[in-house]
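# Descriptive structure summary
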Amino acid sequence: MSFAPACAGVMHMPKRAAKPSRLTDVFFRHMVGNMRNGVLAIARDGAVVLVNDEACRLFDLPPGASLVGMPYGEVLHGHPDIVRVLGGAFDMVTLPNRAELRLRSTSTVIGYTLSLVRDEAGTTVGAALFFKDLTDVEQIEERERLRDRLAAVGEMAAVMAHEIKNPLAGIEVMAALLRRKTRDNPDAQTLVTEIINESKLANAIVQEVLAFVRPIRLQLFPTSVADALNSALTLVDGEAARGATAVTLHVPTDLPPVGGDYHQLTQVFANLLINAYQALAGRGHVHVTARLATTEEAGALVPGGQTAAPTVVVEVADNGPGVPADVADKIFNPFFTTKPKGSGLGLAIVRKIVDAHEGRIDMTTTDGRGTCFRVTLPVAPHQHGTHH
Ligand SMILES: Nc1ncnc2c1ncn2[C@@H]1O[C@H](COP(=O)(O)OP(=O)(O)OP(=O)(O)O)[C@@H](O)[C@H]1O
Ligand SMILES: [Mg+2]
C-alpha cells in the first residue's frame, strides 16, 4: 500500500520529507492518537505499547507517552475492571466483541472490543483494547425509555386524578357542613378546618397532574406578552406569599405579539413567578423583562437552522439563593422538587407549554446570587408579513 501522496497532502509536508514507510508510520500514529475511540495496546509481557488521547481522558491518565513501557497493571491500577479484561486477553478462547462494562472508578459506561495483535508469523505479540464512552448513548436511551414510561404513567395518572377529584370534592363539601354543625365546639372547628385545607391542597395537586398529563391543544393567536405577564402577576398575587418581594415589569410598548395561547402563556409566567417568590421567601426582588430579538446573537430563535426569526425574549429573574449545580439539570423533570409541599410539576408544565409554542426555555443561575428563567417565543407570523 502506498499512502505517500495523500499523506503528504494531509500533513502539509514536502513530498520528499520522508520515506513512504515513515510517513505511513506517522500517519498511523496521528490516526490512532486522534481517534474518537479509546485505544490501549499491551505487549505479550504486559508493557503498555500504545495509549491514545481518548484512552487517557476516559481512564483519567497522564499523557500517553509517559506511560509507554510501564506494566499495564500499574498504569491502570485505578481501574481493576480493565486490568481484569486485559489480564484474560492471552488466555481467552474467544475474545469479547462489543462487550460493555461500567468503570467502577468513574461510573462511566464503556463499550469495548479486545483483539490480539499477531506478527507476520502468526505469533501473538500483544493485545489491543478498543473502547468507546457510551455515557451519551446511554443517556439518549434512558431519555427514550423515560418518555415511554411517562406516557404510560401519565395515562394512569390522568385516570386516577380524574377519579380522585369527585370524592375529594365530596369531602370538602361534607367538611363544610360539619363545620356549620359544630359551631359551639372550637376543637372540632379547628380539625374540620384542617380537613378542608388539606383537601384543597390535594385538589390543587390533582389539578396540576391533570394539567401536566393532558395533551396540549393550542390555539395560537397573536397574543400580547405584556397582557399575559400582567395577568400572571395578578393571578400569582392571590396564590403565593409575596411578602416584601419587589417586582418590576419592563415591556416595550411596541413589542410585537407572539403566536400563542393567552391562558397557557399566563400559566407559564405564573409558574415562574411563583417559583421566584418561593425562592425569595419574602425578601428580594424579581425583575420581569421582555424584548424583541431579531438576530441569533441577541437570542432570536433560528427555526430549521436557517435564518433568525423575530422572537420575543421574556426573562423572569430573581436575586434568590440560586439553583445548586447538582439540582440544575433536574428542575424540568416532572415530579422533581426540593420543596416539602411541592409537586415538582411547575417547570415540567412550563416546558411542555413552551415546547408546544415552538419556543425555548433555559435557566441561568449563580449560587447565592439568583436565578433567571428565559422564555423565547416566536413572534406571531403575520407580524412580519408571511401570513395574512
Ligand atoms: N427561581 C428559582 N430559584 C431557585 N430554585 C428554583 C427556582 N425555580 C425552580 N427552582 C427549583 O426547581 C425545582 C422544581 O421547580 P418546579 O416549579 O418544577 O416544582 P416545585 O416548585 O418544587 O413544585 P410545584 O411548582 O409543582 O409547586 C424547585 O423545587 C426548586 O428546587
Ligand atoms: Mg414551582
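Residues numbered from 1 in each chain as written. Chains lettered and ligands numbered in written order. Predicted model: local features only at pLDDT ≥ 70, side-chain atom pairs only at ≥ 80, totals over all residues.

## A few points about the domain arrangement of the protein chain
The domain architecture assigned to the protein chain consists of domain 1 (35–133), domain 2 (138–213) and domain 3 (221–384). Each of domain 1 and domain 2 was reduced to a C-alpha centroid, and the two centroids are 55 Å apart. (Domains from an automatic or database assignment.)

## Notes on unusual backbone geometry
Unusually for a residue other than glycine, Ala281 sits at a positive phi of about 45°. Accessibility expressed as a C-beta count within 10 Å gives 12 for Ala281, which makes it exposed. At Phe335, a position not held by glycine, the phi torsion is positive, near 70°. With respect to the element layout, Phe335 can be found in the loop between helix H10 (325–328) and helix H11 (346–356). Note on Phe335: 15 C-beta atoms within 10 Å, which makes it partly exposed. (Buried ≥ 20, exposed ≤ 12 C-beta atoms within 10 Å, placed from the backbone. Helix = DSSP H or I, 4+ residues; strand = E, 2+ residues; numbered from the N terminus.)

## Things to note about the site of ligand 1
What surrounds ligand 1 is a group of 22 residues, the closest being Ala279, Thr337, Gly342, Gly346 and Leu347. Those elements that place two or more of their residues in the shell around ligand 1 are helix H9 (262–280) and H11. The greatest single-element share of the shell around ligand 1, amounting to four residues, is contributed by H9. (Near = placed C-beta within 6 Å.)

## Section: H11
Most of H11 sits out of view: eight of its 11 residues are buried. By the burial criterion, the buried members of H11 are Gly346, Leu347, Ala348, Ile349, Val350, Lys352, Ile353 and Val354. The positive-phi residue at the C-terminal boundary of H11 is Glu358, with phi of around 55°.

## Focus: the pairing of strand S2 (residues 48–51)
Both strand S1 (residues 38–43) and S2 contribute to a ladder of three bridges, which runs antiparallel. If you follow Ile42 over to S2, its bridge partner there is Val48. Linking S1 to S2, which pair antiparallel, is a turn of four residues; within it Gly46 sits at a positive phi near 95°. (Pairing = 2+ DSSP bridges.)

## Some words on the confidence of the model for the protein chain
Detailed reading of predicted coordinates is not advised where the pLDDT is low. When the pLDDT values of the protein chain are averaged, the result is 85; 92% of them are 70 or greater. For the protein chain, per-element mean pLDDT is lowest for helix H1 (residues 4–11), which scores 37, and highest for strand S10 (residues 311–318), which scores 97. In this model, residues 1–15 is a region of pLDDT below 50 whose contacts with residues beyond four sequence positions or in other chains number 12 contacts. Every residue in residues 383–388 is under pLDDT 50, and counting partners more than four places away or in other chains gives nine contacts. (pLDDT = per-residue confidence, 0-100. Contact = placed C-beta atoms within 7 Å.)

## Some remarks on the sheet that holds strand S4 (residues 109–118)
Spatial ordering of the open sheet is given by S2-S1-S5-S4-S3, a layout of five strands whose pairing is antiparallel. Of all strands in the sheet, those with a lone pairing partner are S2 and strand S3 (99–102), marking the two edges. Geometrically, the sheet is characterised by an average inter-axis angle of 25° between neighbouring strands, direction not taken into account. When S1 meets strand S5 (residues 124–133), the two strands line up antiparallel, connected through six bridges. Directly across from Ile42, in S5, lies its bridge partner Ala127. (Axes fitted to C-alpha atoms, helices over the stretch in contact; angles between N-to-C directions.)

## Concerning helix H7 (residues 186–213)
End to end, H7 covers 41 Å across 28 residues, agreeing with the expected 40 Å (1.5 Å per residue, within 8%). Three or more residues of H7 are buried, namely Val192, Val209, Phe212 and Val213. (Expected span 1.5 Å × (residues − 1).)

## A look at the sheet that holds strand S7 (residues 246–250)
With respect to topology, five strands assemble into an open sheet ordered S7-S9-S10-S12-S11, the strand pairing being mixed. Each edge of the sheet is formed by a strand with only one pairing partner; in this case those strands are S7 and strand S11 (360–366). The sheet shows a mean angle of 15° between the axes of neighbouring strands, taken without regard to direction. The pairing of S10 with strand S12 (residues 370–378) spans eight bridges and is classified as antiparallel. Paired with Val313 across the bridge in S12 is Thr376.

## Looking at the nonpolar core
Grouped together as the largest cluster of nonpolar side chains are 43 residues, with contacts concentrated most on Phe269, Leu273 and Val316. For this core, the element with the highest residue contribution is H9, accounting for 10 residues. Both domains that meet at this core, namely domain 2 (138–213) and domain 3 (221–384), each give it at least three residues. Look past the residues within four positions of Val316 in its chain and what remains in contact with it is Phe269, Leu272, Leu273, Ala276, Val286, Val288 and Phe373. Core analysis: the second largest hydrophobic core is formed by 21 residues, Tyr72, Ile82, Leu86 and Ile110 among them. (Core = buried A, V, L, I, M, F, W, Y, C linked by C-beta atoms within 7 Å.)

## A few points about the packing of H9 against H11
It is at 9 Å that the axes of H9 and H11 come closest, and there the two elements cross at 145°. Between H9 and H11 lies a crossing of left-handed hand. Residues Gln264, Gln267, Val268, Asn271, Leu272, Ile274 and Asn275 of H9 form the contact with H11, whose participating residues are Gly346, Leu347, Ile349, Val350, Ile353 and Val354. Looking at the contact of H9 with H11 residue by residue, the classes come out as eight nonpolar, five polar and no charged. (Left-handed = near helix turned anticlockwise from the far one by under 90°. Nonpolar A, V, L, I, M, F, W, Y, C, P; charged D, E, K, R; others polar.)

## Side note on the environment of Asn166
Inspection of the secondary structure assignment puts Asn166 in helix H6 (residues 135–181). By the C-beta count within 10 Å, which is 9 here, Asn166 ends up exposed. With 36 residues separating them along the chain, Asn166 and Phe130 place their C-alpha atoms 60 Å apart.

## Overview of the environment of Leu220
Relative to the helices and strands, Leu220 is located in the loop between H7 and strand S6 (221–223). Residue classification places Leu220 among the partly exposed residues on the basis of 16 C-beta atoms within 10 Å. Once the C-alpha coordinates of Leu220 and Tyr262 are considered, the two residues, 42 residues apart in sequence, prove to be 8.4 Å apart.

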